[in-house]
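So the chains spell out like this:
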Protein chains: 2
Amino acid sequence: MKEYVIGIDIGGTFTKTGFVDRDGNISGENSSPTDIFENVEDYIANLVKELKAAEKQLEKPYKILGIGIGAPNGNYHKGTIEQATNLKWQGIVPFAELMQKHYDLPVKLTNDANAAALGEKVYGGAKYMKDFVMITLGTGLGSGIVVNGDLVYGHDGFAGEQGHVNVVENGRQCGCGNLGCLETYASAPGIKRTVFELLAKNTEGSELVNYTFDELDSEIIFNAAEKGDPVALKAFEHTGKILGKHLADTVALFSPSAIFLFGGLAKAGDYIISPTKKWLEHFVMRLFKDKVKILPSQLIGKNVAVLGASALIWNELDK
Amino acid sequence: MKEYVIGIDIGGTFTKTGFVDRDGNISGENSSPTDIFENVEDYIANLVKELKAAEKQLEKPYKILGIGIGAPNGNYHKGTIEQATNLKWQGIVPFAELMQKHYDLPVKLTNDANAAALGEKVYGGAKYMKDFVMITLGTGLGSGIVVNGDLVYGHDGFAGEQGHVNVVENGRQCGCGNLGCLETYASAPGIKRTVFELLAKNTEGSELVNYTFDELDSEIIFNAAEKGDPVALKAFEHTGKILGKHLADTVALFSPSAIFLFGGLAKAGDYIISPTKKWLEHFVMRLFKDKVKILPSQLIGKNVAVLGASALIWNELDK
C-alpha cells in the first residue's frame, strides 16, 4: 500500500501542503491563504477542508503516516508556534494539538530551516550523513544543525539560530533588535546592504548604481557578477568572507561532514560558495582543514517547504 | 555486588586512574608516569600492571563494567589517540584496541574536556540536563557539548573545539597556528596575556607590575582582584567579555540549559562568572535572554580527570 506523510509549510501569506512519499514525490500539492484568518481555529478548519479535498486526488489504496509542519518559531518539543511576528495568531499557539483534533496521527512541528535540514537528510544530499549543517540564505539566515542523525533543538526547542550570532561588534541593525548579526551580512538583504556600502565607499564603475535600495535584489547582483561587475563581485567576496569565517567556528564546534547552502542567495552558486569555502579554510583550526564540504542543497528548485515538513515524520520512521 | 568502572586520564607527564562507582566514589586511586615510555605497548603494559595492583584494594565481591579513558586528541568513534603533540607516541594510536588485549571489557575514549562534560552529567550539576555545555578554562580552553543527552563528537570524533573559534581577527598567536583563537584570551595563560596588555597600555597602579611573565599566573591575578587591584579587575572583566560574547553565539546554536565553567581560571568564581554572564546576556539574541545559567562546575576540587573518564561508561549504561 502506498504510504504518505502530509507536509505543511506555514508562511506569513500562504500555506503550502502536499502528500509526500518516502522518495520525495509530492501528490495533491496545494496552497491556501494564511493571513486572512485572524483566528487559528478558523485557519485550521480551512486548512483541513483543503487537505481533505486534495486527499481525494490520491490513488487508492494508501495510508497516511503522520503530519509534519514547518512554521516560524515552531517549537519541536511542545508542538507550539510561539510569538511568531509574521503570523496573526499571537502568544503561544498549541498548533500540533489543534491539528490532532482533526487527525488521529503523529504531528511534528519545527521551524522551516530545521525542516529544510531534515529534507536534505531524507531526500537530498545528506542522505548518508549523520552530522551536517544546513544554511538557508533567504530574507534571513536560517540554519538546521544535525548531530548524530538528529536535529539540534536545544532545551527550549529553539536551537540553530545561526543568523543571530554576532559577527561585527556594533555592526548592522538586525530585525531581532541586536547589532551585527550574521544575517545582516549573509542573506539576500545582507548582500544588498553590502553593495550599498561598497557604492558609498568606492568610486569604481558599476551597473548597480542604477538601482534604488528597494529595487536591488540578490538576483540583480548575481546577474551583474556574471557580467564581471566589480562591485557585485566584491559584494559576493565580502559576504563569503563573513559567512566562511563564521562557519569555521561552526566546524570547530560540530565538525560536520558537510555544510549545505540553500535559499535565494545560494542560487548564485560558486559566486557565494567559492569565497565561503576559501575563508572557512583560512580561519578554521588545522585539525579540520580540508575535511568539510560546502555544497549547494540538492533540493534547490524543489518544493523544499513541503518536503522539509514531511521529512520530520519520515526521519522518525527511518530510525 | 559492587560495580565499578575504571577511569583513566592520560596526561603528558602522569596518568591518573581509579575505580569509580555509579555515585562517583573513587577507590584504588593511582598515578603512574606517562612520558618515560617511548613506546605505547610498554606504557600500556605498565599501566595494566599498576591497575591490577590497585584492583587488589577493592572489597570483594565486585564487578568491573568497562574502561573509560580521557586522552588528548582522543577519537571517540575510533578509540584512537591521533597526533597528540604532548604525548611521545606519534601518529594514530589504536589505544582502545590495545587496552582490550588486556581487558575483555567495553573501552571508550574521548578527550579530557568531553570526559569532564560527561562527569558533570553523571556525577555533578548537569544530572538532569539533556542539553548543556562544559567549558574548561585551564592552560587552554576545552569544551564538551551535550545535545539531547549525548556528547557532540562530529563526523570525525573531534567536535567541541571551542577554544579555537576566532574571536579577534589577526589577534593573539595561538598554539594551534592560527591567530585570535578564543583560548588565547579566555584561559589561564589568556588572562595573563591580558594583564600584560593592560600594564603596557595604562599607567594606573597595580601590584601586578612586580611579576615577570613567567611568574604571573591566574591565581596571583585572582588574589590581586580580591584586594581590589584595578588591573586584575579589568583583566577579569575583559576576559569575561570575550568569553561571554562567544558564549552568546554558542547559546544561539545549541540553546543549552546551562553552561558550566571548570578549570584553574574558573576557581576565580564570580570574578569570571559575573562578567561572562553580563556580556552573554548583552550579546545574545532576545529569544534566549535570561534562559541560560552560567554555573561553576560541581566537580571543582574533585578528581575530575578520573571521574570524567569513568563517566564515559556510566553514561552508556544509563541509557
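Values in this document were obtained by computation on a predicted structure and should not be read as measured data. (Residues numbered from 1 in each chain as written. Chains lettered and ligands numbered in written order. Predicted model: local features only at pLDDT ≥ 70, side-chain atom pairs only at ≥ 80, totals over all residues.)

**Student:** Which parts of the structure should I look at to understand the overall build of chain A?
**Tutor:** The helix and strand inventory of chain A stands at 8 helices and 13 strands. On C-alpha atoms alone, chain A measures out to a radius of gyration of 20 Å, which is about the 20 Å that the 2.2 N^0.38 rule sets for 319 residues. Based on the C-alpha atoms only, the size of chain A along its principal axes is roughly 65 × 45 × 35 Å. Looking at the 319 residues of chain A, the share that counts as buried comes to 52%. Long-range pairs, those at least 24 residues apart, make up 65% of the contacts in chain A between residues at least 6 apart in sequence. (Helix = DSSP H or I, 4+ residues; strand = E, 2+ residues; numbered from the N terminus. Rg over C-alpha atoms; globule rule 2.2 N^0.38 Å. Buried ≥ 20, exposed ≤ 12 C-beta atoms within 10 Å, placed from the backbone. Contact = placed C-beta atoms within 7 Å.)

**Student:** Got a minute to help me understand the interface of chain B and chain A in this structure?
**Tutor:** Between chain B and chain A, the residue contacts involve 35 residues of the former and 35 residues of the latter. No other element matches helix α6 (residues 230-254) of chain B, which puts 6 residues into the side of chain B that touches chain A. Of the residues assigned to the side of chain B that touches chain A, the class counts are 15 nonpolar, 11 polar and 9 charged. (Nonpolar A, V, L, I, M, F, W, Y, C, P; charged D, E, K, R; others polar.)

**Student:** Looking at this model, I keep getting lost on helix α7 (residues 270-283) of chain A. Mind explaining?
**Tutor:** For an α-helix the count is 3.6 residues per turn, leaving residues at separations of three or four pointing the same way. Residue and element names in this part refer to chain A. Given a rise of 1.5 Å per residue, 14 residues ought to cover 20 Å, and the 19 Å separating the end C-alpha atoms of α7 matches this to within 8%. Looking only at α7, the buried set comprises Y271, I272, I273, P275, T276, K277, W279, L280 and F283. Contact partners of the buried residues in α7: α5 (218-226), α6 (230-254), β12 (258-262) and β13 (293-296). (Expected span 1.5 Å × (residues − 1).)

**Student:** Please clarify how the relation of the copies chain B and chain A should be interpreted in this entry.
**Tutor:** One copy of the chain maps onto the other through a rotation about an axis followed by a shift along the same axis. Superposing chain B onto chain A takes a rotation of 180° plus a shift of 0.0 Å along the axis, which leaves an RMSD of 0.0 Å. In the structure described here, the two chain copies are related by an operation that fits a two-fold rotation axis. By C-alpha distance to the rotation axis, the residue of chain B lying nearest is V147(B), at 4.0 Å. Comparing interface residues between copies, 100% of those in chain B also sit at the interface in chain A, which points to an isologous, same-surface contact. (Least-squares fit on C-alpha atoms with pLDDT ≥ 70 in both.)

**Student:** What is the right way to look at unusual backbone geometry in this model?
**Tutor:** Negative phi values dominate among residues other than glycine, just as trans dominates among peptide bonds. Each neighbour pair has its own omega, and for K60(A) with P61(A) the value is -5°, a cis peptide bond. Summarising the element assignment, P61(A) is placed in the loop between α1 (40-55) and β4 (62-70). The phi dihedral of N73(A) is positive, around 50°, even though this residue is not glycine. For N73(A), a count of 19 C-beta atoms within 10 Å translates into the label partly exposed. Positioned with a positive phi, D290(B) is a non-glycine residue whose angle comes to about 55°. Here D290(B) is to be found in the loop between α7 (270-283) and β13 (293-296). By C-beta crowding, D290(B) is classed as exposed, having 8 other C-beta atoms within 10 Å.

**Student:** What exactly am I supposed to notice about the domain arrangement of chain A here?
**Tutor:** By a widely used convention, the size of an interface equals the accessible area lost when the partners come together. Residues and elements named next belong to chain A. Taken domain by domain, chain A consists of domain 1 (2-121 + 302-318) and domain 2 (128-296). The distance between the C-alpha centroids of domain 1 and domain 2 comes to 28 Å. Across the contact, 13 residues belong to domain 1 and 14 residues belong to domain 2. It is helix α3 (residues 112-123) that provides the largest number of residues to the side of domain 1 that touches domain 2, a total of 8 residues. Counted by class, the side of domain 1 that touches domain 2 contains 5 nonpolar, 4 polar and 4 charged residues. (Domains from an automatic or database assignment.)

**Student:** So what exactly am I meant to see when it comes to the packing of helix α4 (residues 188-201) of chain A against α6(A) here?
**Tutor:** Each pair of packed helices can be summarised by the angle the axes make with each other and by the distance between the axes. All names here are of chain A. Across the interface, α4 lies against α6 with an axial gap of 9 Å and an inter-helix angle of 125°. Relative to α6, α4 is oriented oblique. Regarding α4 and α6, the two cross each other, and that crossing is right-handed. Facing α4, whose interface residues are G190, I191, T194, V195, L198 and L199, α6 presents V231, K234, A235, H238 and T239. Of the residues in the contact of α4 with α6, the class split is 6 nonpolar, 4 polar and 1 charged. (Axes fitted to C-alpha atoms, helices over the stretch in contact; angles between N-to-C directions. Parallel < 35°, antiparallel > 145°, perpendicular 65-115°, else oblique. Left-handed = near helix turned anticlockwise from the far one by under 90°.)

**Student:** What am I meant to see in the sheet that holds strand β8 (residues 107-110) of chain B here?
**Tutor:** Backbone hydrogen bonds hold the strands of a sheet together, and the pairing may be parallel or antiparallel. Residue and element names in this part refer to chain B. The mixed open sheet is built from 5 strands, whose spatial order is β3-β2-β1-β4-β8. A strand with exactly one partner marks an edge of an open sheet, and here the two such strands are β3 (26-33) and β8. Across this sheet, the average inter-strand angle for adjacent strands is 20°, counted without regard to direction. In this structure, strand β2 (residues 14-20) lies alongside β3, joined through 6 bridges in antiparallel fashion. Of the residues in β3, the one forming a bridge with F14 is P33. (Pairing = 2+ DSSP bridges.)

**Student:** Is there a simple way to explain the environment of E207(B) in this structure?
**Tutor:** All names here are of chain B. Relative to the assigned elements, E207 resides in the loop between α4 (188-201) and α5 (218-226). The class for E207 is partly exposed, based on 13 C-beta atoms found within 10 Å. For the pair formed by E207 and H77, sequence separation is 130 residues and the distance between their alpha carbons is 49 Å. When near neighbours in sequence (up to four residues on either side) are disregarded, E207 contacts A224 and D229.

**Student:** Whenever I open this one, the packing of α5(B) against α6(B) confuses me. Can you help?
**Tutor:** All names here are of chain B. Interhelical geometry of α5 versus α6 gives an angle of 115° and a closest axis separation of 7 Å. It follows that α5 is roughly perpendicular to α6 by the angle criterion. In terms of crossing hand, the pair formed by α5 and α6 is left-handed. Every residue of α6 that contacts α5 at I221, A224 and A225 is listed here: A232, L233, A235 and F236. Broken down by class, the residue content of the contact of α5 with α6 amounts to 7 nonpolar, no polar and no charged.

**Student:** Can you walk me through the sheet that holds strand β5 (residues 74-75) of chain A in this structure?
**Tutor:** Residues and elements named next belong to chain A. In spatial order, the strands read β5-β6-β7; together these 3 strands make up an open sheet with antiparallel pairing. Two strands lie at the open edges of the sheet, namely β5 and β7 (92-93), each paired on one side alone. In this sheet, strand β6 (residues 80-82) lies alongside β5 in antiparallel orientation, the contact comprising 2 bridges. Note that in β6 the partner of N75 across the bridge is T80.

**Student:** Looking at this structure, how should I read α5(A)?
**Tutor:** All names here are of chain A. Among all positions in α5, only S218, I221, F222, A224 and A225 are buried. All buried residues of α5 lie within an arc of 160° about the axis, which places them on one face of the element. Its buried side turned inward, α5 meets α4, α6 and α7. Looking one or two places after α5, you find G228, whose phi comes out positive at around 85°. (Arc of directions from axis to C-beta.)

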